[in-house]
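Letter by letter, the chains look like this.
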Amino acid sequence: MLINKEELKKMFVNNVQTMFGKGLEEASTNNKYMALSRVIRDIISKNWLESNKRYTKTGEKQVYYFSMEFLLGRLLDMYLVNGGIKDTCQVALAELGIDLDELEKQESDPGLGNGGLGRLAACFMESMAAVELPGHGCGIRYKYGLFEQKIVDNYQVELPDNWLKDGYAWEFRKPDKAVQVRFGGSIREEWDKGRTRFVHQDYEAVLAVPYDVPLVGYRNNTVNTLRLWSAEAVNDAFDFASFNRGEYLQAMGYQNSVGQISKILYPQDDFYEGRVLRLKQQYFFVSAGLQSIIRRYKLTNPSMKKFPEKVAVHINDTHPAVAVPELMRILMDEEGLSWDDAWAITTKTISYTNHTIMPEALETWTIDMYKALLPRIYMITNEINERFCRMLWDRNPGNWDKIKGMAIIVDGMVHMARLAVVGSHSVNGVAQIHTDILKEHIMRDFHEVYPGKFNNKTNGITHRRWLLKSNPQLAELITDCIGAGWIKRPEELEQFADFADDKKVQDRLRKIKLSNKKILAKYIKEHTGVSVNIHSIFDVHIKRIHSYKRQMLNIFHIMDLYNRLKQNPDLDITPRTYIFAGKAAPGYYIAKQTIKLINVLASVVNKDKDIKNKLKVVFLENYSVSLGEMLFPAADVSEQISTASKEASGTGNMKFMMNGAITIGTLDGANVEIHNAVGDDNIFIFGLTSKEVFDYYLYGGYNVWHLYNNDIRLKTILEQLVNGFFPYEREEFRAIYQSLLSNNDEFFVLQDFDSYAKAHVELDQRYKDKEKWIKMSIQNIAHSGIFSSDRTICQYSKEIWHTRSVDICKGLSCSKH
Ligand code: 26W
């Protein structure tokens with residue numbers, strides 16, 4: 001982007017005047033933020049237009065990433081960094097006496113996602129623009145994002161996240177591009193010119209209005225589009241005759257029900273509930289997205305034949321899986337194609353990523369609900385199912401059990417993952433171990449039928465947000481050592497390993513970590529009142545709160561350390577600060593109790609003078625992208641301790657590594673690949689392997705009582721949950737106690753406790769050797785390049801979407817992974 005300092009100042013001051021009728025002296029910080037964002041908006045829109053023109057002119061294949069969630073984070077700073085105008089902007093504002101950092105904090109952090117899946121979508125958007133790939137997002141403009149978390153009396157309380165209340169600087173409303181989406185009603189079949197026409201009647205129409213957010217590539221003039229749909233009433237959608245008869249309430253009911261569709265993001269992560277509103281949301285944005293894609297395609301393409309050569313539609317988990325029957329509907333009912341032609345186009349166009357193996361996350365809808373809400377989509381889904389089952393029957397005559405286990409519609413339910421596999425040409429997992437589990441366990445039968453469809457695409461993160469932007473000092477150190485090429489070509493980070501023995505680099509890195517820890521310590525003090533020692537090990541566990549992610553294992557280990565320190569205050573351990581953050585789904589009782597337990601434990605530990613400040617426990621409320629940007633750069637230790645086989649990939653693990661934290665983790669998700677990248681010496685691996693976990697599930701042999709009775713540490717800790725050890729909370733944690741002991745410890749917390757504790761002892765020893773530790777840190781940073789989402793996107797592009805090979809991919813070691 002091009003702008004010089006004086007121009008920028010002029011535009012900025014002018015905006016303050018025209019937008020707010022104020023001079024600089026009177027303008028509030030928010031006024032100034034809005035004025036600055038208007039300047040940036042203007043600059044971006046020029047490039048945006050150019051990019052779109054270029055895409056139309058070249059006619060190259062466009063990728064559309066359909067996702068119910070985009071967890072974007074703040075954008076102003078990313079726009080400045082990627083646009084290459086951050087320095088200009090900083091200096092210009094400083095000359096006006098304004099601190100850019102202060103303005104940046106004014107931006108709301110749009111929480112349009114729950115966690116991993118939504119953040120991955122946002123990283124992919126950034127990387128697609130960076131590698132100059134024409135890739136756009138399609139999602140929902142929720143009025144309320146993920147709830148804001150407050151901790152009141154140690155407990156999670158949820159408040160609405162009204163992120164739009166002051167307006168959102170980066171969206172462009174496009175009412176002229178609105179489309180209609182239809183729900184309910186019935187289908188009438190008509191005979192018309194030798195073929196059946198399906199006429200949708202008595203439906204409720206909803207207007208889908210797009211809000212476009214620009215996605216700016218790193219110093220390359222590429223600006224892609226994230227299109228978020230908002231539901232509005234169609235003015236002529238309700239029956240004016242009945243309205244005139246006085247059925248005012250009915251008309252208002254319609255207005256109301258429309259507003260609900262894009263009102264709120266469902267706060268469940270890995271837990272599915274069959275709510276009709278959620279299905280409505282899914283169809284709403286999928287139908288709107290596909291309609292707008294096809295409209296655009298038809299501007300320059302006379303026939304639908306070439307659609308898969310010009311368009312790739314990727315579905316982020318099964319949430320947008322109705323894209324399969326919806327694309328079929330449009331191609332057949334609106335474009336007049338035959339079933340076979342429409343099916344060939346649909347399956348060539350759509351590809352699908354699976355993000356979880358947790359059975360409770362699998363989406364299924366009752367036939368009744370699906371059919372009533374989407375009558376034509378149901379008919380098509382049914383036909384897909386029948387054809388699929390017939391094919392299965394031909395392969396396995398008489399094997400009803402097998403067919404039942406694979407049918408898209410069976411026992412009154414519609415299975416969305418099965419629909420997604422059948423209706424797409426590619427199914428991928430998000431880390432090698434996860435893809436293997438899909439192929440060998442969860443989707444074994446499907447893999448047998450479609451071996452060629454399954455492939456792995458290990459997740460990645462955008463190193464521009466998670467290193468360049470959020471850890472500028474480290475970025476500078478790296479650039480000083482190896483040059484700035486790593487920003488466009490993250491695989492070059494590898495060269496940083498050459499500096500592992502360089503005392504000056506070690507020293508600078510140590511200072512950088514300390515200064516990041518100082519910033520975090522200040523934040524902790526301001527937000528929790530707890531003073532933490534910046535020379536202690538910052539041991540960080542941040543992610544959604546979930547039993548399989550095993551925050552409980554960490555808590556138990558802290559309780560054990562505390563118990564030991566009480567017995568022996570001189571115990572030789574490096575002081576530690578345990579930092580937690582994460583939200584629990586509002587209806588997930590055990591997860592909410594886990595948060596309470598962390599906070600209650602913190603209140604006991606933090607004020608205990610006996611333990612000589614060797615232990616501190618902190619829970620930071622309202623984990624978000626912005627908070628993450630402060631936490632990753634300040635971490636010494638990264639907790640990645642899920643039960644092996646359960647965490648599809650994890651991406652927080654990569655953010656820690658890239659910022660020089662050392663992982664303590666199980667061989668789960670992408671930890672396996674992090675382990676391979678850094679080697680045994682630069683990571684602490686412990687616990688059951690996924691094979692051992694599967695063997696226990698299959699053959700039994702695990703008995704939690706055995707561990708309880710034979711390991712005094714565990715017995716003590718578990719008893720402490722219910723024996724009044726936590727003052728006033730005697731019965732509060734009985735549910736946790738029960739969940740572990742009565743359900744035979746489903747996630748093997750007790751089983752892995754001993755090896756986890758041993759790994760921590762080793763870690764503590766290693767930390768004492770300052771030089772060894774900092775070398776480990778350098779090795780982690782240096783080997784994090786393959787976890788850049790640039791690499792991931794380049795693989796999707798080459799192996800799934802078949803889009804133009806982009807220059808940046810040449811250097812990336814795609815083929816190796
Ligand atoms: C229907 C409710 C629901 C909502 C969200 C079910 C499932 C989900 C997501 C698929 C859960 C999710 O975010 N999964 C995470 O995806 C990340 C990106 O691939 C992975 O890194 C995480 O391991 C995985 O838990």
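Residues numbered from 1 in each chain as written. Predicted model: local features only at pLDDT ≥ 70, side-chain atom pairs only at ≥ 80, totals over all residues. Heavy atoms only, no water.

### Let's talk about the overall build of the protein
Counting its secondary structure elements, the protein contains 34 helices and 23 strands. Taking 28 Å as the expected radius of gyration for a compact globule of 817 residues, we find that the protein reaches 27 Å, a close match to that expectation. A buried classification covers 61% of the 817 residues belonging to the protein. Of the contacts formed within the protein by residues at least 6 apart in sequence, a portion of 76% connects residues at least 24 apart. Roughly 31700 Å² of accessible area belongs to the protein as shown, and the carbon and sulfur atoms make up 50% of that amount. Positive and negative side-chain charges in the protein, numbering 103 and 102 respectively, have mean positions lying 3 Å apart. (Helix = DSSP H or I, 4+ residues; strand = E, 2+ residues; numbered from the N terminus. Rg over C-alpha atoms; globule rule 2.2 N^0.38 Å. Buried < 20%, exposed > 50% of the residue type's maximum accessible area, 1.4 Å probe, protein only. Contact = heavy atoms within 4.5 Å. Areas by Shrake-Rupley, 256 points an atom, 1.4 Å probe, with all protein chains shown as cover. Lys, Arg positive; Asp, Glu negative; His and termini not counted. Charge placed at Lys NZ, Arg CZ, Asp CG, Glu CD.)

### Describing the environment of G529
With respect to the helices and strands, the residue G529 is situated in the loop between α21 (503–528) and β18 (537–542). G529 gets classed as partly exposed once you look at its relative accessible area, which sits at 44%. C-alpha of G529 to C-alpha of G21: the two residues are 508 residues apart in sequence and 40 Å apart in space.

### Examining the side chain of T577
Structurally, T577 is set in strand β19 (residues 576–581). You can call T577 buried: its relative accessible area is 1%. Those residues in contact with T577 that sit more than four places away from it in its chain are V532, N533, S536, I537, F538, D539, K616 and V618.

### Section: the site of the ligand
The environment of the ligand is formed by 21 residues, the closest being D270, H355, N459, E647 and G650. Between the ligand and the protein, one listed contact pairs an oxygen atom with a side-chain N or O atom of H355 at 2.6 Å. Here an oxygen atom of the ligand and a side-chain polar atom of E647 are 2.6 Å apart. Looking at the shell around the ligand, the element that brings in the most residues is helix α6 (residues 116–130), giving three residues. Looking at which domains feed residues into the shell around the ligand, each of domain 2 (68–73 + 111–458) and domain 3 (463–689 + 750–785) supplies at least three. (Near = heavy atom within 4 Å. Polar contact = N/O pair within 3.5 Å; in protein donor to acceptor, adjacent residues only side chain to side chain. Domains from an automatic or database assignment.)

### Quick look at the domain arrangement of the protein
The figure often quoted for interface size is the accessible area lost as the parts come together. Split by domain assignment, the protein resolves into domain 1 (1–58 + 75–108), domain 2 (68–73 + 111–458) and domain 3 (463–689 + 750–785). Of note, the centres of domain 2 and domain 3, computed from C-alpha atoms alone, are 36 Å apart. On the domain 3 side, the residues contacting the 40 residues of domain 2 number 40 residues. Roughly 3100 Å² is buried in total at the junction of domain 2 and domain 3, and carbon and sulfur atoms are behind 57% of that figure. Applying the counting criterion to the domain 2 and domain 3 interface returns three salt bridges. At the junction of domain 2 with domain 3, the criterion picks out 14 residue pairs in polar contact (both at pLDDT 80 or more). When residues of the side of domain 2 that touches domain 3 are traced back to their parent elements, those giving at least two are α6, β3 (148–152), β4 (155–159) and α17 (432–442). (Buried area = accessible area lost by both parts, 1.4 Å probe. Salt bridge = Lys/Arg side-chain N within 4 Å of Asp/Glu carboxyl O.)

### As for helix α30 (residues 734–741)
For α30, the full list of buried residues reads I736, Y737, L740 and L741. What you see down the axis of α30 is that its buried residues fit within an arc of 120°, all on one side. Packed against the buried residues of α30 are α22 (551–567), α23 (589–606), α28 (704–710), α29 (712–720) and α31 (749–768). (Arc of directions from axis to C-beta.)

### Quick notes on the sheet that holds strand β13 (residues 364–366)
In space, the three strands of this open sheet follow the order β13-β15-β14, with antiparallel pairing throughout. Lying at the two open borders of the sheet, with one neighbouring strand each, are β13 and β14 (409–410). The pairing of β14 with strand β15 (residues 413–415) spans two bridges and is antiparallel. Bridging from a neighbouring strand, V410 pairs with M413 of β15. (Pairing = 2+ DSSP bridges.)

### Focus: the confidence of the model for the protein
When pLDDT is averaged across the protein, the result is 95; 97% of the residues are at 70 or more. Strand β21 (residues 637–640) holds the highest mean pLDDT among the elements of the protein, 99, whereas helix α7 (residues 240–244) holds the lowest, 54. (pLDDT = per-residue confidence, 0-100.)

### Considerations on the packing of aromatic side chains
This structure, assessed with the given rule, holds 28 aromatic pairs. Aromatic side chains W466 and F632 sit 5.5 Å apart centroid to centroid with 85° between the ring planes, which places their arrangement in the edge-to-face category. Placement of the pair is W466 in helix α19 (residues 463–469) and F632 in helix α24 (residues 625–634), with a sequence separation of 166 residues. You'll find W466 and F632 in the same group, each marked buried. Look at Y696 and Y702: their rings are 5.6 Å apart centre to centre, the planes differ by 55°, and that puts the pair in the tilted class. Owing to a relative accessible area of 24%, Y696 belongs among the partly exposed residues under this scheme. Through pairs of rings, three or more aromatic residues link up here, namely Y65, F124, Y796 and W801. (Phe/Tyr/Trp six-rings, centres within 6.5 Å; stacked < 30°, edge-to-face > 60°.)

### Quick notes on the sheet that holds strand β22 (residues 662–665)
The parallel open sheet is built from six strands, whose spatial order is β20-β19-β18-β21-β22-β23. In this open sheet, the two edge strands, each paired with only one partner strand, are β20 (615–620) and β23 (684–685). Bridge analysis of β18 against β19 gives six bridges, and the strand direction is parallel. Opposite I542, over in β19, you have A581 as the bridge partner. Running at roughly 145° to β20, α23 makes contact with β19 and β20 of the sheet. (Axes fitted to C-alpha atoms, helices over the stretch in contact; angles between N-to-C directions.)

### So, unusual backbone geometry
The backbone of R219 shows a phi angle near 45°, a positive value even though the residue is not glycine. Within the secondary structure, R219 sits in the loop between β9 (204–216) and β10 (223–233). The class of R219 is exposed, set by a relative accessible area of 52%. Of note in the backbone geometry, D745 takes a positive phi value of approximately 50° without being a glycine.

### Notes on α21
For α21, with 26 residues, the first-to-last C-alpha span of 36 Å sits near the 38 Å given by 1.5 Å per residue. Here α21 has its buried residues at V505, Q506, L509, I512, K513, N516, K517, L520, A521 and I524. A positive phi of about 80° marks G529, the residue just after α21. (Expected span 1.5 Å × (residues − 1).)

### Some words on the pattern of salt bridges
Enumeration according to the criterion identifies 60 salt bridges in this entry. Close ionic contact of K174 with D212 constitutes a salt bridge, the shortest N to O distance being 2.9 Å. Taken together, the residues span a long stretch of sequence, with K174 in the loop between β5 (172–173) and β6 (179–183) and D212 in strand β9 at a distance of 38 residues. Exposure remark for K174: the relative accessible area of 21% places this residue in the partly exposed category.

### Points about the side chain of T651
Inspection of the secondary structure puts T651 in the loop between β21 and α25 (652–658). The class for T651 is buried, based on a relative accessible area of 10%. Leaving out residues up to four positions away in the same chain, T651 has contacts with L120, N459, G460 and I461.

### Some thoughts on the pairing of β9
Counting buried positions over the 13 residues of β9 gives 11, a clear majority of the element. The pairing of β5 with β9 spans two bridges and is antiparallel. Bridging across to β9, F172 finds its partner in D212. Bridging between β6 and β9 involves five bridges; their strand directions are antiparallel. Opposite R182, over in β9, you have A205 as the bridge partner. Sheet topology places β9 next to β10; 11 bridges connect them, and they run antiparallel. Among the inter-strand pairings, V206 is bridged to a residue of β10, identified as A233. The antiparallel pairing of β9 with β10 creates a hairpin that spans six residues between the two strands, and R219 there sits at a positive phi of about 45°.

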